[in-house]
Amino acid sequence: MLPVTAQQRPVQGEVLDADTRNPLPLATITTSTKSGPPATKLTDSRGRFSITAVAGATITVSYSGYKTKQIALRDGSDSITVLLERGDSKLDQVVVIGYGKEKRTDLTSSISSISSDQVNELPVTNLASALASRVPGVEVHSTGYAPGSGNVINVRGLNSITQSEGPLYVVDGVAITGDIRDINPADIESVEVLKDAAAAGIYGSRASAGVIIVTTKRARAGTATIDFSMYSGIQRMNNPYHMLDAADFAQLRRFAFNDADPVTYPIGSAAADAKIFNPYELQSIAAGYKSYDWLKAVTRRNAPMQNYSIGVSNGVGKSRVYFSANYLNQAGIIANTGFTRYGGHFSIETDINKIFRLGGNINVNHNFTKGVSTSVYQQALTQSPLMPIYDSTGAPLVITDKSTGTLTIRNPVTSDLYSVNNYTSNRTFGNFYLELTPIRNLVLRSSIGADLLDGENDTYYPRNTGEGFASNGWAEVYNTKSTDVLWENTATYSWTKGDHDLNVLAGATYERREDIAMDMQGKEFPTDLLTFKNMGSAGIKVQDNTNYDGWIVESLLARAIYKFKHRYIINLTGRRDGSSRFGPDNRFGFFPSASAAWRVIEEPWIGYKMKTVLSDWKIRGSYGIIGNQNLPYDAIYTRYNNAQYPFNGSNAVSGYQVGGTAGNPALEWERQHQTNVGMDIAAWNNRLSLSVDYYNKNISSLLMPFNLAPSSGFYNEQVNVAAMNTKGMDINFQATPVKTPHFQWQFTVNWSRYESKITKLFPGRDSVSLSLRVGQPPSGVLVNYVYNGLYQQNDDFTLNPGGKPGDIKIKDLNHDGKITPLDQTIVGHNIPQGWGGFWNYFWYRGISLAVLASYEYGQQLNNLPYTNLTYYNSDFGNIGNVTREGGNYWTPTNTHTNIPRPNAFATELKPLPGGPDQGSSYSIQKGDYIRIKSITLGYDIPGRLIQKAKLRSLNIYVQAIEPFLITSYKGLDPDNGNPTQLENYPRYRTFLAGIKLGL
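Calculation criteria
Residues numbered from 1 in each chain as written. Predicted model: local features only at pLDDT ≥ 70, side-chain atom pairs only at ≥ 80, totals over all residues. Heavy atoms only, no water. Helix = DSSP H or I, 4+ residues; strand = E, 2+ residues; numbered from the N terminus. Rg over C-alpha atoms; globule rule 2.2 N^0.38 Å. Buried < 20%, exposed > 50% of the residue type's maximum accessible area, 1.4 Å probe, protein only. Contact = heavy atoms within 4.5 Å. Areas by Shrake-Rupley, 256 points an atom, 1.4 Å probe, with all protein chains shown as cover. Lys, Arg positive; Asp, Glu negative; His and termini not counted. Charge placed at Lys NZ, Arg CZ, Asp CG, Glu CD. Arc of directions from axis to C-beta. Salt bridge = Lys/Arg side-chain N within 4 Å of Asp/Glu carboxyl O. 1 Å grid on protein atoms, 1.4 Å probe; cavity = no way out; pocket = protein on both sides within 12 Å on 5 of 7 lines; lining within 4 Å. Points joined across faces, edges and corners; volume = space filled by probe spheres on them. Nonpolar A, V, L, I, M, F, W, Y, C, P; charged D, E, K, R; others polar. Polar contact = N/O pair within 3.5 Å; in protein donor to acceptor, adjacent residues only side chain to side chain. Pairing = 2+ DSSP bridges. pLDDT = per-residue confidence, 0-100. Phe/Tyr/Trp six-rings, centres within 6.5 Å; stacked < 30°, edge-to-face > 60°. Lys NZ or Arg CZ within 6 Å of the ring centre and 35° of its normal.

Considering the overall build of the chain
- Counting its secondary structure elements, the chain contains 15 helices and 51 strands.
- The globule rule puts the C-alpha radius of gyration for 999 residues at 30 Å, and the 33 Å found for the chain is close to it.
- For the chain, with 999 residues in total, the buried portion stands at 51%.
- Long-range contacts, defined as pairs at least 24 residues apart, comprise 68% of the intrachain contacts of the chain with a sequence gap of at least 6.
- Of the roughly 44,400 Å² that the chain leaves accessible, carbon and sulfur atoms contribute 55%.
- For the chain, the distance from the average position of its 92 positive side-chain charges to the average position of its 86 negative side-chain charges is 8 Å.

Looking at helix H7 (residues 279-286)
- Buried within H7 are the following residues: Glu281, Ser284 and Ile285. Taken around the axis of H7, the buried residues stretch over an arc of 100 degrees, which confines them to a single face. Exposed residues on H7 whose side chains face more than 90 degrees from its buried face are Pro279, Gln283 and Ala286.
- Along its buried surface, H7 packs onto helix H5 (246-260).

Overview of the pattern of salt bridges
- Evaluated as defined, the whole model comprises 39 salt bridges.
- Put simply, Asp730 and Lys195 hold a salt bridge, and the shortest N to O gap is 3.6 Å. With Asp730 in strand E37 (residues 716-739) and Lys195 in the loop between strand E15 (188-194) and helix H4 (197-200), the pair connects residues that are 535 residues apart, well separated along the chain. The two residues Asp730 and Lys195 agree in class, both being buried.
- Its salt-bridge partner being Glu514, residue Arg512 comes within 3.5 Å of it at the nearest N-O pair.
- On the accessibility criterion, Glu514 (27% relative accessible area) is partly exposed.
- In the salt-bridge network here, residues are joined through shared partners; they are Asp172, Arg218, Arg320, Glu349, Asp351 and Arg357.

Re empty space enclosed by the protein
- Tallied over the full model, the rule gives eight cavities of 30 Å³ or more.
- In this model, the largest cavity occupies a volume close to 700 Å³.
- Together, 38 residues line the largest cavity, and Val124, Ser129, Asn151, Glu962 and Arg987 are the ones closest to its centre.
- Those elements that provide at least two residues to the lining of the largest cavity are strand E11 (138-142), strand E45 (834-844), strand E46 (847-857), strand E49 (929-940), strand E50 (953-967) and strand E51 (987-998).
- With five residues, E11 is the single largest residue contributor to the lining of the largest cavity.
- Of the residues that constitute the lining of the largest cavity, the class distribution is 15 nonpolar, 15 polar and eight charged.

Brief notes about the environment of Asp519
- Looking at the secondary structure, you find Asp519 in strand E27 (residues 500-523).
- For Asp519, a relative accessible area of 8% corresponds to the buried category.
- The residues touching Asp519, leaving out its near neighbours within four places in the chain, are Glu476, Val477, Tyr478, Gln543, Asp544 and Asn545.
- A polar side-chain atom of Asp519 sits 3.1 Å from a polar atom in the side chain of Gln521.

Describing the pairing of strand E25 (residues 442-461)
- As paired strands, strand E24 (residues 420-436) and E25 are joined by 17 bridges and run antiparallel to one another. Its bridge partner being in E25, Asn421 is matched across the sheet by Thr459.
- The loop that links E24 with its antiparallel partner E25 comprises five residues; one of these, Asn441, has a positive phi angle of about 75 degrees.
- By the bridge criterion, 20 bridges tie E25 to strand E26 (residues 474-497) in an arrangement that is antiparallel. By the bridge assignment for E26, Arg445 is matched with Thr490.

Quick look at the confidence of the model for the chain
- Mean pLDDT for the chain: 87, with 94% of residues reaching 70 or above.
- For the chain, per-element mean pLDDT is lowest for helix H1 (residues 4-7), which scores 50, and highest for strand E29 (residues 568-579), which scores 94.

Let's talk about the packing of aromatic side chains
- Under the definition given, this model contains 20 aromatic pairs.
- Here Tyr308 and Tyr327 contribute two aromatic rings whose centre-to-centre distance is 6.4 Å and whose plane-to-plane angle is 20 degrees, an arrangement assigned as stacked. Here Tyr308, found in strand E18 (residues 303-314), pairs with Tyr327, found in strand E19 (residues 319-331); they are 19 residues apart in sequence, far enough to count as distant.
- Looking at Tyr327, the relative accessible area reads 25%, which means it is partly exposed.
- What links up through ring pairs into an aromatic cluster is the set Phe733, Trp745, Phe747 and Phe842.
- Over the ring of Tyr791 we find Lys809, and its NZ or CZ is 5.1 Å from the ring centre.

In structure tokens:
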């Protein structure tokens, strides 16, 4: 025989996309033989390659986003063409789990994943927004609509009564809580959501609300790339409120005063008008009811938005380096508001030799949010349209009462232009790790990570604003500093023999977190020029305070995954946490879990004919216990507060007294026992796939404040006493109905639902209040008085002594002949009965169209802002404008309406026991909706064109964000859990164009 070297020969080839036949530049070509080391090359800009190989060698071709393909080189073969299919099969996907990775086919627990492309389909400023409607079982609501606002995430419903906390975020091994808007979506490679106890339990007590693992991009071995993306566009206000014009508003004011005193304010009397309207309004009436657009004065018609990201990757050699930078600037719909982010990400991995590997990554972000008073939007809506916005000099008009010196007209333009409401944050997080492989299949890893966050909220209201007028300038500086350090040490061993596979993990972790807050408030400033920048000049120090919170958790963890023939899979996990939040007797908790999967598709009795239809069939089940250590920092201690008491006559002596809450060193962990049963099935080469999960969580030892006898000297103490249950279902369906070389159609639909209810409160008590009682969810219960229409002529006014027709009528539920707090009842729930999303993708010869939508149904919302904008003389004073619907108010000739008669002294609202601030069931509205979240039209420039420019890829696109909303809800947006707090900034649509370029 000839020596091996004599049998080597040159082989030419090309790598193409199987669908489009476009060349794939920089694809990795690895040639391996039994007798020698593998050799690696890359395809050129035309997807071509040239190698030297021997007959029988194995050629492995890989490319990002495509399925890896292996080819055996035959005798006489000197030219080959490799067609790679896009890696859209979830079965081939590698999923990041806690402290490791696993093929999706081998998962035994409930884990959902979204890819980098899915994350970046929307131009979001916060990663949480990208998860909304994408992941079944994950509920995402915004905390506000202003630029830079955060989100609230619930994974599989409610998990506590008093100590709820959002999910744990793990970014490249770094534990992060709270705000995750500091992660640039363009840097994300994948996101995994660990939903059940078996999946999340490896993270112990911090996983009670679920775990979201974020993996950022890294350099790929053997490739060097540059990726650039940008988009730019405009945002346009979507305002659901249409207010009365000047003439209708003037008639409303006249009727309101006439209703209060028809003798003094007869309708049609010029003398009465002189008493009702101020001189500026009278000038507008004389000018033919000249109307002023206050909303236009405080908003932008077109608010610009732009984003630029660049990523540089080099994986050639032993070191793999990735660097990225990002700039985002989003102007707000309300003038003088906006959000700016500068970010950078760097990662490196180095194979020192076959035994040692070093790596690390760091993220640096600077955020600046320019806000505005929450009252600006509502004031602009309700200002008198007869009032001019600016005075003769062009300055915002401010009117004071000369006799009292008080501000009579609050101009929202002054708050918008001159007040300061800024938030600045600087965040750095990352980790460094060392891996050691002393023997085959054994990996020892030690990593240390940190999350450092410094934030400052600066506020100042000058004298010409409503907020700062009476206090001669009001300022606040609120500083926060958070430090989280996590040290993890793990050992992983893998063993395979025949049909048996075993993976064992053991580890120890140490985490320390500290949160420090400093708050300074002052008023009576000598000048407005320095705003918040000289707090020492405040004539009166309103507050100068600090606060601290911190904890330490030490943990031991272990996991074993056993597979038999890749058909039967068992996963056992255990974690022991010790937390400084608990007393010495209950400091440690052990949280085990077990899960198993049966890959039915691998059974021999699944014959060939069935396998031509079924691609996958797996049944999963899990059970686990998770703890919750999220209790108040000083709950186990009795706090002493500063106090003064008289001594020796009239002298005041400083000392200390016990606080309102007694410490309880016997507090225990809140414990969650969760069961999950699921099934994954796919058909026709994964063209159809379905995942279904049912879960049941019994949560016990929940913390509640227990009222103490006055003789104890305390109001209450925290005790472990309550229990609750949360159960639900998640469904995800994917399909590719059409797949040809020139046309594709894909769609995804997901649906989720959960029910939460309290099963136990205090011994012998099943109710604390109407909204907190056994059988009801721990939150989301809406309690109020029941609206019963309006009083009409000849009605019985027993419940409304001195009332008049047109007044609001409230139901006497207990029939005691009067309206009291006992007449309140549950009027709705803001937990939806179902929610989810659907995504459609069409592709034709490089042209793509993607439509993403979300929906919710079955929830009610307390839209109190709508009521206040409809009722005259409600929360916005007797000069406030109302909506056009509010203009359909009750009169003796217009009795078929739900809008009470207007009265200058709001007597029509007096039947409301809680006043306009509480309202009634009239404010309860259905929150059902279907929203088109995005429509994206893109075009992939053909390979023959981008080759000339020496590019790897080029995509251009246009996009409409939230262009359509179908709902009967009458507020700004039904996708929120608390309209009372969120209806203070207008919603908007976004239209943009962008480009994605790869070198």
